[in-house]
Amino acid sequence: EEYQLPEILRTPLEELCLQIKALSLGFITPFLAKALEPPPQLSVKNAIDLLVTIGALTPDGSEELTSLGRHLSTLPVDPKVGR
């Protein structure tokens, strides 16, 4: 019997990253690394870079949500679309 992919691997990483920050769960990469089946680190880095590029996370490396990021984290859509 074939099993469905874990939700962490089905959910768009950008949305997951925003939720991690909105819930104040710490830095994104170490948090996701604790998952039973973590997403590839390059994918996580690309998701973080995209969020910085669209202005949802601060560009200083602190991974803090901007006001746009806080707003996007409440929307049930891809951050690129919600922007």
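Just above sits the structure.
None of the values given here were measured: they were computed from a predicted structure.

Cut-offs and rules
- Residues numbered from 1 in each chain as written.
- Predicted model: local features only at pLDDT ≥ 70, side-chain atom pairs only at ≥ 80, totals over all residues.
- Heavy atoms only, no water.
- Helix = DSSP H or I, 4+ residues; strand = E, 2+ residues; numbered from the N terminus.
- Rg over C-alpha atoms; globule rule 2.2 N^0.38 Å.
- Buried < 20%, exposed > 50% of the residue type's maximum accessible area, 1.4 Å probe, protein only.
- Contact = heavy atoms within 4.5 Å.
- Areas by Shrake-Rupley, 256 points an atom, 1.4 Å probe, with all protein chains shown as cover.
- Lys, Arg positive; Asp, Glu negative; His and termini not counted.
- Charge placed at Lys NZ, Arg CZ, Asp CG, Glu CD.
- Core = buried A, V, L, I, M, F, W, Y, C linked by side-chain atoms within 4.5 Å.
- Patch = residues over 30% accessible without salt bridge, like charges linked within 9 Å, V, L, I, M, F, W, Y side chains within 5 Å.
- Salt bridge = Lys/Arg side-chain N within 4 Å of Asp/Glu carboxyl O.
- Phe/Tyr/Trp six-rings, centres within 6.5 Å; stacked < 30°, edge-to-face > 60°.
- Lys NZ or Arg CZ within 6 Å of the ring centre and 35° of its normal.

Draft legend 1. Geometry of the overall build of the protein chain. When helices and strands are counted, the protein chain shows six helices and zero strands. The order of α-helices and β-strands along the protein chain, N terminus first, is α-α-α-α-α-α. By the compact-globule yardstick of 12 Å for 83 residues, the protein chain fits well, its C-alpha radius of gyration being 13 Å. For the protein chain, the C-alpha atoms occupy an extent of roughly 45 × 25 × 20 Å along the three principal directions. When each of the 83 residues of the protein chain is scored for burial, the buried share is 30%. When contacts within the protein chain are restricted to residue pairs at least 6 apart in sequence, those whose partners lie at least 24 apart make up 49%. Element-wise, carbon and sulfur atoms account for 56% of the exposed surface of the protein chain, whose accessible area totals about 5500 Å². Taken as two groups, the 7 positive and 11 negative side-chain charges of the protein chain have centres that lie 7 Å from each other.

Draft legend 2. Quick look at the nonpolar core. Grouped together as the largest cluster of nonpolar side chains are 16 residues, with contacts concentrated most on Ile28, Leu32 and Leu51. The set of elements that each furnish at least two residues to this core consists of α2 (13-22), α3 (28-33) and α4 (41-53). The leading source of residues in this core is α2, at five residues. Among all residues touching Ile28, those that are not within four sequence positions of it are Cys17, Ile20, Lys21, Val44, Ile48, Leu57 and Glu63.

Draft legend 3. Broad picture of a nonpolar patch on the surface. A grouping of Leu23, Leu25 and Phe31 is seen on the molecular surface, where their side chains present a nonpolar patch of about 260 Å² in accessible area. Relative to the helices and strands, Leu23 is located in the loop between α2 and α3.

Draft legend 4. Representation of the packing of aromatic side chains within the structure. In total, this model carries zero aromatic pairs according to the counting rule given. Directly above the ring of Phe27 sits Lys21, whose terminal nitrogen or CZ lies 5.4 Å from the centroid.

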